[in-house]
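Commentary on secondary and tertiary structure
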Amino acid sequence: NEKDLFRRKRTVQKIYNAHYHFAKPPDKPIIKAIPGDKKVTLIWDDRAEKTFDPFYQRYNFEGYKIYQVASPTVSVAELDNTEKARLIYQVDLNNNVKKIFNWEPFEDSDLPTTNAVFVPVLEVEGADQGISHTFKVTEDQFAQSNRNLVNHKKYYFTVVAYAYNNYEQFDPSDVTGQRRSYLE
């Protein structure tokens, strides 16, 4: 249909104008851990907030997620594995963007359709209270009993910056719009 044709033309023009650079997540912040008496203070820089997205022609930073990880080898792809990572803190811009969903294909062989069915997956739920660049950790999320941090024990943390891109609300009925609004 004509509406779909013009939507695709706009998308292709954006890709061309961005020199074939597609939407990208914010740059990774640099984190410092400062040990204290039964605590660790995490401090990170603001480079993620200054990431310019050439595809959308704007800054798309939305917030930070801070995780305690089980070892220094845990990758970003493993952050949803609670055996390896635990979300301990989250901050986001105060801009009325609280819940960010990505739309994922749902496959069920019992469905009487060959068309793709998409379901919303909640990726982040922010408090919408503004950004900070420090967090004091006093509890070990992997401890079996006493959760207090222990002096001279190694702990591992990571800070992940994420973006919100929603140039067009996704419509699952005609599969148009932005399926992936959350980028990290």
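Relevant structure appears above.
Figured I'd write up the structure that's included with this text. All residue numbers here refer to positions counted from 1 along the written sequence of the relevant chain. Given that the model is predicted, a residue must reach a pLDDT of at least 70 before its local features are reported, and side-chain atom pairs must reach 80 or more before they are shown or counted; all residues, however, enter totals for whole chains, interfaces and linings. The basis for the side-chain values is all heavy atoms of the structure; hydrogens and waters are excluded.

1. So, the environment of Asn151
A run of H or I in DSSP counts as a helix once it spans at least four residues, and a run of E counts as a strand once it spans at least two, with each numbered from the N terminus. By the secondary structure assignment, Asn151 is in the loop between strand E9 (134-137) and strand E10 (156-164). Considered as a pair, Asn151 and Gly36 are 115 residues apart in the sequence and their alpha carbons are 7.8 Å apart. Setting aside residues up to four positions removed in sequence, Asn151 forms contacts with Gly36, Asp37 and Lys38. A polar contact of 2.8 Å, which involves the side chain of Asn151, links it to the side chain of Asp37. We define a polar contact as two N or O atoms separated by no more than 3.5 Å, with the added condition that, inside protein, one atom must be a possible hydrogen donor and the other a possible acceptor, whereas residues neighbouring each other in sequence contribute only through side-chain atom pairs. Among the polar contacts made by the side chain of Asn151, one reaches the main-chain amide nitrogen of Lys38 at a distance of 2.6 Å. Residues are treated as being in contact if the distance between any of their heavy atoms lies within 4.5 Å.

2. A look at the sheet that holds strand E1 (residues 31-36)
Any two strands with at least two DSSP-identified bridges between them are counted as paired. Read from one edge to the other, the open sheet built from three strands follows the order E1-E2-E9, with strand pairing classed as antiparallel. Among the strands making up the open sheet, the edge pair consists of E1 and E9. Each strand axis lies, on average, 20° off the axis of its neighbour in the sheet, ignoring direction. Fitted lines through C-alpha atoms serve as axes, helices being fitted only where they are in contact, and the angles separating the N-to-C directions of these axes extend from 0 to 180 degrees.

3. A few points about the sheet that holds strand E11 (residues 182-183)
What the four strands build is an open sheet, ordered E6-E5-E10-E11; its pairing is antiparallel. Edge positions in the open sheet fall to strand E6 (85-92) and E11, since each of these has one partner strand only.

4. So, unusual backbone geometry
Phi is positive for Lys38, close to 55°, though the residue is something other than glycine. Not every positive phi belongs to a glycine, and His152 is a case in point at roughly 70°. Relative accessibility thresholds used throughout: buried, under 20% of the residue-type maximum; exposed, over 50%; partly exposed, between the two (1.4 Å probe, protein chains only). For His152, a relative accessible area of 86% translates into the label exposed.

5. Notes on the pattern of salt bridges
Where charged atoms from two side chains of opposite charge approach closely, those side chains can pair. Here a salt bridge means any side-chain nitrogen of Lys or Arg lying within 4 Å of a carboxyl oxygen belonging to Asp or Glu. One pass over the full model with this rule turns up six salt bridges. In this structure, Lys50 engages Asp46 in a salt bridge whose closest nitrogen and oxygen atoms are separated by 3.4 Å.

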